[in-house]
Structure formats: C-alpha cells, structure tokens
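Survey of secondary and tertiary structure
One-letter residues, chain by chain:
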Amino acid sequence: MSRPHRFGFLLIDDFALMSFASALEPLRAANILAGRTLYEWFHISTGAGAIAASNGLSVTADHTIADKIRFDTVLVCAGGNPASFEDAKAIAWLRRLARSGCEIGGVSGGPFILAKAGILDGVRCTIHWEHLPAFTEAFPDLVSTRTLFEIDRGRLTCGGGVAALDMMHALIRRDHGQSLAARVSDWYLQTAVRLGDSTQRISLLERVGTNNRSLIAAIGSMERQLASPMSRPALAKAAHVSVRQLERLFAKHLGVTIGQHYLALRLTKAQALLRQTSLPIVQIGAESGFANASHFARVYRQRFGTLPSKDRMR
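To start, this report covers the structure provided alongside it. Keep in mind that what you see is a predicted model, and the values were worked out from it rather than measured. Counting restarts for each chain, with residues numbered from 1 along the sequence as it is written. Residue-level local features of this predicted model are given only where pLDDT is at least 70; pairs of side-chain atoms are given and counted only at 80 or more, and the full residue set underlies all totals for whole chains, interfaces and linings. Only hydrogens and water are set aside; all other atoms, that is, all heavy atoms of the structure, feed into the side-chain values.

**Quick notes on helix α2 (residues 88–100)**
Helix and strand assignments follow DSSP, with helices taken as H or I runs no shorter than four residues and strands as E runs no shorter than two, numbered in order from the N terminus. Helix span is expected to be 1.5 Å times the residue number reduced by one. With 13 residues, α2 extends 18 Å between its outermost C-alpha atoms, agreeing within 8% with the 18 Å of an ideal straight helix rising 1.5 Å per residue. Those residues of α2 that fall on the buried side of the exposure criterion are Ala 90, Ile 91, Trp 93, Leu 94, Leu 97 and Ala 98. When α2 is viewed along its axis, its buried side chains cluster within an angular range of 160 degrees and face the same direction. Exposed and facing more than 90 degrees away from the buried side of α2 are Ala 88, Lys 89, Arg 99 and Ser 100. Between N or O atoms, a polar contact is any pair within 3.5 Å; within protein, one atom must be a potential hydrogen donor and the other a potential acceptor, and residues adjacent in sequence are included only when both atoms are from side chains. Two to three positions downstream of the cap, the backbone nitrogen of Lys 89 sits 3.0 Å from a side-chain oxygen, assigning the N-cap of α2 to Asp 87. Burial here depends on accessible area, computed with a 1.4 Å probe over protein chains only, as a share of the maximum for the residue type. Under 20% is buried, over 50% is exposed, and the range in between is partly exposed. By arc we mean the arc of the directions from the helix axis to the C-beta atoms, nothing more.

Here it is, written out as structure tokens:
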C-alpha cells in the first residue's frame, strides 16, 4: 500500500475560509469514502501563533515554515491584499520547495504570493478576478488566465471560493481515478463539476440582470476598454444601435447614463490598483482612462469620499 499524499496548507493572515475549506474538505471525504488514508494534511504558518481568517476564525498551525517536514503538495491560501505580502522567509521557503520538486499551488490570493516568489514563470496560472488587475500589472510577463483553476507542470493555481472544489476533484481524479472523484463530488452535493478552463464570473447577462443584447454588447466593450475609453458613438456602433437608443437602454435597465456606468467601471479598477499595487497614482489614473491627474483625484473623491492618496494609505 502506498503512503498517504502529504498536503501542506500555508495559511496567510486574512485568508479566505471558504477557499481553504473547499480545498481541504475533499481530502477528508476521499479518505472516508476510500476507507483508508489517502491524504494527510497539515496547517502551516509563517510564524508562531494561530492564523486568523478574513471572518475572524482562527486556525492553529501544526507547523511553521521553520520546521523540517516534507510535503508532496503545498497550497498557499491567502485573501485580503496579497500584493502587500512581504515575508522574505516565506518567499525563500517557497523557492526551496520549488527547487526540491514539490508541487506548489495557490488558492484565491495565493497565486500572487507564488508570483512574488518567482515560481510561476512559464506556466499557465490564474487568480481570483478581484486580484487580476493588480496581478497583471505587477506580473505582465506571466501567462495569466481568467479560468477557475490551472494545473500546469507542478503548479496549481485556483481563483478560490468554491472553485477549489473543482480543482480538488481534478487532483483526486488524477491520483485515484474518476470513480472516487465522482463520489467525493456527490458527497458535497456538487452535481456539476466544472473544468479548469471554465470562466470565473457569471455572465454579463446575469450580472446586469437583462438579456438585451445591445446593452450587453456595450457593457462588454466598456469592460475591455478601461484604459482607453471608447466614445459614445463607438459604443453605440459596437452595440448596433444609435447613441440615443443606447442612452435609453442604460436609463431603462440600469438607471444611469452611459458615461456614469463607464466612469464607475474605471474608478472600480483604479481603486483595486491603488489598494493592491505600488504603481504610482498618476500611472493608475492613466491605466483607468484618466489623462489628467487632477480630474482623476476629483472624480475619485466624489465616488469614494476620499482622495486616491489617502485611500492608498488606508
């Protein structure tokens, strides 16, 4: 009988509990359903003491990164603002694991920390859509996707949330076959297992709450063109309606003008970059479609009640 596969979960303060549980619980179910210990898992911290999740619940670590223990797979679970993670010892530990041939992954914000360690170079990777703007700005050369999860040459990355259930299904299927993986999914009432290349977000139709094709087309064009905003005539052309018709659609379905919706999208991106990157504020304004720094500061304050510089410090 082969020995159990050893998982290490490196938990970073403010980690997302849902993502962590979705990655760990399938291992427990696999053991129960198989009738033997296929997997062992350990909670790891960067230092002494318990690790607090984003909801306040704390997990006691079994080990710290200073302990000498061997793992087959290590998953970094992070949330909050992973771009601010600067623990040099943890980064060095991950690099040593990578050199030793250990399979390494990241869940939710975890891929950001793997990228900081330089161990995602040349492989496909993904991250939660909330962190994606900052991630692509910080690591423009990485092959980042918008998928649920990626498994590529010893690197596992997952957007987080319940997508971790789908990734663990793929790993259990790889290790022990489709039958056990299916039984684990059934155990958790997961009636539809999604493939890794499935999209992270619900469709625009579901997000906007309308099936008007012209409105959906215009909003899709907006989301793809935040750094270089399209004019109203160009948006109307992409939506195959007149400018007047498009304005009516925005007013009817969203209660805002074309310009108001576009501005809200750009400011949301700017806020994410301010909080999750160290890019200069002027550059963030430009990346969000603002050519004038004073205009950017003014509309940002109107939207969020604070200046970009103060929001970054907070």
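What follows continues from the structure just given.
**Overview of the layout of surface pockets**
A volume near 1,100 Å³ is recorded for the largest pocket. Only protein atoms enter the calculation, which uses a 1 Å grid: trapped sets of points that fit a 1.4 Å probe without letting it out are cavities, open sets showing protein on both sides within 12 Å along at least five of seven lines are pockets, and any residue with an atom within 4 Å of a point is a lining residue. Taken together, 31 residues line the largest pocket, and the ones lying closest to its centre are Trp 129, Pro 133, Arg 146, Arg 201 and Leu 226. Those elements that place two or more of their residues in the lining of the largest pocket are α4 (132–138), α7 (204–208), α8 (213–224) and α11 (258–276). Counting residues per element, the lining of the largest pocket draws most heavily on α11, which supplies eight residues. Looking at the lining of the largest pocket residue by residue, the class counts come to 11 nonpolar, 11 polar and nine charged. Grid points are joined across faces, edges and corners, and a volume is the space filled by probe spheres set on the points. Roughly 150 Å³ of internal volume is contained in the second largest pocket. Lining the second largest pocket we find His 128, Trp 129, Leu 148, Gly 159, Gly 160, Gly 161, Val 162, Ala 163, Arg 194 and Gln 200. Amino acids are sorted into nonpolar (Ala, Val, Leu, Ile, Met, Phe, Trp, Tyr, Cys and Pro), charged (Asp, Glu, Lys and Arg) and polar (every other residue, Gly among them). Of the residues belonging to the lining of the second largest pocket, the class tally is four nonpolar, five polar and one charged.

**A few points about the pairing of strand β2 (residues 39–45)**
Across the seven residues that make up β2, a large majority, five, are buried. Relative to β2, strand β1 (residues 5–11) runs parallel, the two sharing six bridges. Pairing of Arg 6 across the sheet is with Glu 40, part of β2. Handedness of the crossover joining β1 and β2 through helix α1 (residues 17–34): right-handed. As judged from the two bridges shared by β2 and strand β5 (residues 63–64), these two strands associate in the parallel manner. By the bridge assignment for β5, Ile 44 is matched with His 63. Any two strands between which DSSP finds at least two bridges are classified as paired. Every crossover in which the path from the first strand over the helix to the second runs clockwise, viewed with the strands pointing away from the viewer, is termed right-handed.

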